[in-house]
Amino acid sequence: MAIGMLIGLAGGTVLGLLFADSFFEATILSMFIGALLGVLFGYPFSLVAVIDGFISGLMGGMMGTMLAVMVPLEHSLPLSQVMLLLLFGTLFIVYLALTSEIKNKVQKPFTLKPVWYFLLVCISFVCIHFMETPGSSPPNKEPHSNHHHAQKITDHLELV
């Protein structure tokens, strides 16, 4: 349920920021991605986990896209960084919780140890920190002043 929700939320946020002009398509795509991955992660456990993952992924996709569309452009980069940080952090915690619960007697040839996974998460955090969006830098314009508006208002108030 947590994985479906956070993948939908982070994916919806990123898709909403990338495709801000096509809000409907970004919402549908992020709902589909969140629901699909929620089902895939819930499948090994039970039917209830599949349903939880599906519904959580749908809701996360919708909420992430709505959040991305409502946030101003200058806050889009910090928003995507926070969402991806939450996603990777939660995936790491879920991974640690699942590995402590599963007791495998047979060693697999390639196992991802928690130390290597932690390093992968740290590298992801560093990459997220240095991420830039094309439209995130403010344009070189003079700050808007209100003295013209005040002058127009006072022109109508002249006494005869």
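What you are looking at is a predicted structure, and each value in this text was computed from that prediction instead of being measured.

Participant: Teacher, can you tell me more about the overall build of the protein here?
Facilitator: Scanning the protein for helices and strands turns up six helices and zero strands. Each helix and strand of the protein, ordered N terminal to C terminal, gives the series α-α-α-α-α-α. Within the protein, contacts between residues at least 6 apart in sequence are counted, and of these 72% link residues at least 24 apart. As displayed, the protein has an accessible area near 11,700 Å², and 73% of this comes from carbon and sulfur atoms.

Participant: Explanation requested: helix 4 (residues 76-101) in the structure shown.
Facilitator: An α-helical segment advances 3.6 residues per turn. Residues three or four places apart therefore align on the same side. Here helix 4 is 26 residues long and its end C-alpha atoms lie 37 Å apart, about the 38 Å a rise of 1.5 Å per residue gives. For helix 4, every residue scored as buried is listed here: Ser76, Leu77, Leu79, Ser80, Gln81, Met83, Leu84, Leu87, Leu91 and Phe92.

Participant: Would you take a moment to explain the environment of Leu85 for this structure?
Facilitator: Along the chain, Leu85 falls in helix 4. Each C-alpha atom of the pair Leu85 and Ala10 lies 9.1 Å from the other, and the pair is 75 residues apart in sequence.

Participant: How should I be thinking about the nonpolar core in this particular structure?
Facilitator: In a soluble, globular protein the nonpolar side chains are often hidden away together inside. Ile3, Leu6, Ile7, Leu9, Ala10, Leu79, Met83, Leu84, Leu87 and Leu91 together form the largest nonpolar core, which totals ten residues. For Leu9, the contacting residues outside a window of four places in its chain are Gly60, Gly61, Met63, Gly64 and Met83.

Participant: Please explain helix 3 (residues 47-70) as it appears in this structure.
Facilitator: Taking 1.5 Å as the rise per residue, helix 3 with 24 residues should run 34 Å; its terminal C-alpha atoms sit 35 Å apart, in good agreement. Among the residues of helix 3, those classed as buried are Val50, Gly53, Ser56, Gly57, Gly60, Gly61, Gly64, Thr65 and Ala68. Considering only its buried residues, helix 3 is in contact with helix 1 (2-18), helix 2 (23-42) and helix 4.

Participant: Even after reading the chapter, I still don't get the confidence of the model for the protein, so can you show me in this structure?
Facilitator: Any residue range with low pLDDT should be treated as having predicted coordinates unsuitable for detailed reading. On average, residues of the protein score 77 in pLDDT, and 72% of them reach the 70 mark or higher. Low pLDDT, under 50, characterises residues 142-150; the predicted model gives this stretch one contact beyond four residues in sequence or across chains.

Participant: Would you take a moment to explain a nonpolar patch on the surface for this structure?
Facilitator: A cluster of nonpolar side chains, Phe23, Leu47, Ile51, Phe54, Ile55, Met59, Met63, Met66 and Val69, forms an exposed patch at the surface whose accessible area comes to about 810 Å². Relative to the helices and strands, Phe54 resides in helix 3.

Participant: Please explain the environment of Leu79 as it appears in this structure.
Facilitator: Among the secondary structure elements, Leu79 is positioned in helix 4. Taking the C-alpha atoms as reference points, Leu79 and Ala10, separated by 69 residues in sequence, lie 9.5 Å from one another. Excluding residues within four positions of it along the chain, Leu79 makes contact with Thr13, Leu67, Ala68 and Val71.

Participant: Which parts of the structure should I look at to understand the UniProt feature "transmembrane region" (unreviewed entry) in the protein?
Facilitator: Under the UniProt annotation, "transmembrane region" (unreviewed entry) lies at residues 26-46, 53-73, 79-98 and 110-131. Helix makes up 86% of residues 53-73 and strand 0%. Its end C-alpha atoms lie 31 Å apart. Along residues 79-98, the helical share is 100% and the strand share 0%, with 28 Å between the first and last C-alpha atoms.

Participant: Would you mind showing me how to read the packing of helix 2 against helix 3 here?
Facilitator: The relative placement of two packed helices comes down to the angle between their axes together with the axis-to-axis distance. In the contact formed by helix 2 and helix 3, the axes pass within 7 Å of each other and the chain directions differ by 150 degrees. By the angle between their directions, the pair helix 2 and helix 3 is classed as roughly antiparallel. When you trace helix 2 past helix 3, the crossing you get is right-handed. Listed contacts from helix 3 to Phe23, Ala26, Thr27, Ser30, Met31, Gly34, Ala35, Gly38, Val39 and Gly42 of helix 2 are Ala49, Val50, Gly53, Phe54, Gly57, Leu58, Gly61, Met62, Thr65, Met66 and Val69. Tallied by class, the residues present in the contact of helix 2 with helix 3 amount to twelve nonpolar, nine polar and no charged.

Participant: What is the right way to look at the packing of helix 1 against helix 2 in this model?
Facilitator: The interhelical angle for the contact between helix 1 and helix 2, taken along N-to-C directions, is 155 degrees, at an axis separation of 8 Å. As summarised for this structure, helix 1 and helix 2 are arranged roughly antiparallel, according to the angle between their axes. Viewed along their axes, helix 1 and helix 2 form a crossing whose handedness is right-handed. The residues of helix 2 that touch helix 1, namely those facing Ile3, Gly4, Ile7, Gly8, Gly11, Gly12, Leu15 and Gly16, are Ala26, Leu29, Ser30, Ile33, Gly34, Leu37, Gly38 and Phe41.

Calculation notes
- Residues numbered from 1 in each chain as written.
- Predicted model: local features only at pLDDT ≥ 70, side-chain atom pairs only at ≥ 80, totals over all residues.
- Heavy atoms only, no water.
- Helix = DSSP H or I, 4+ residues; strand = E, 2+ residues; numbered from the N terminus.
- Contact = heavy atoms within 4.5 Å.
- Areas by Shrake-Rupley, 256 points an atom, 1.4 Å probe, with all protein chains shown as cover.
- Expected span 1.5 Å × (residues − 1).
- Buried < 20%, exposed > 50% of the residue type's maximum accessible area, 1.4 Å probe, protein only.
- Core = buried A, V, L, I, M, F, W, Y, C linked by side-chain atoms within 4.5 Å.
- pLDDT = per-residue confidence, 0-100.
- Patch = residues over 30% accessible without salt bridge, like charges linked within 9 Å, V, L, I, M, F, W, Y side chains within 5 Å.
- Salt bridge = Lys/Arg side-chain N within 4 Å of Asp/Glu carboxyl O.
- UniProt positions renumbered as here; feature names shortened; annotations may be inferred.
- Axes fitted to C-alpha atoms, helices over the stretch in contact; angles between N-to-C directions.
- Parallel < 35°, antiparallel > 145°, perpendicular 65-115°, else oblique.
- Left-handed = near helix turned anticlockwise from the far one by under 90°.
- Nonpolar A, V, L, I, M, F, W, Y, C, P; charged D, E, K, R; others polar.

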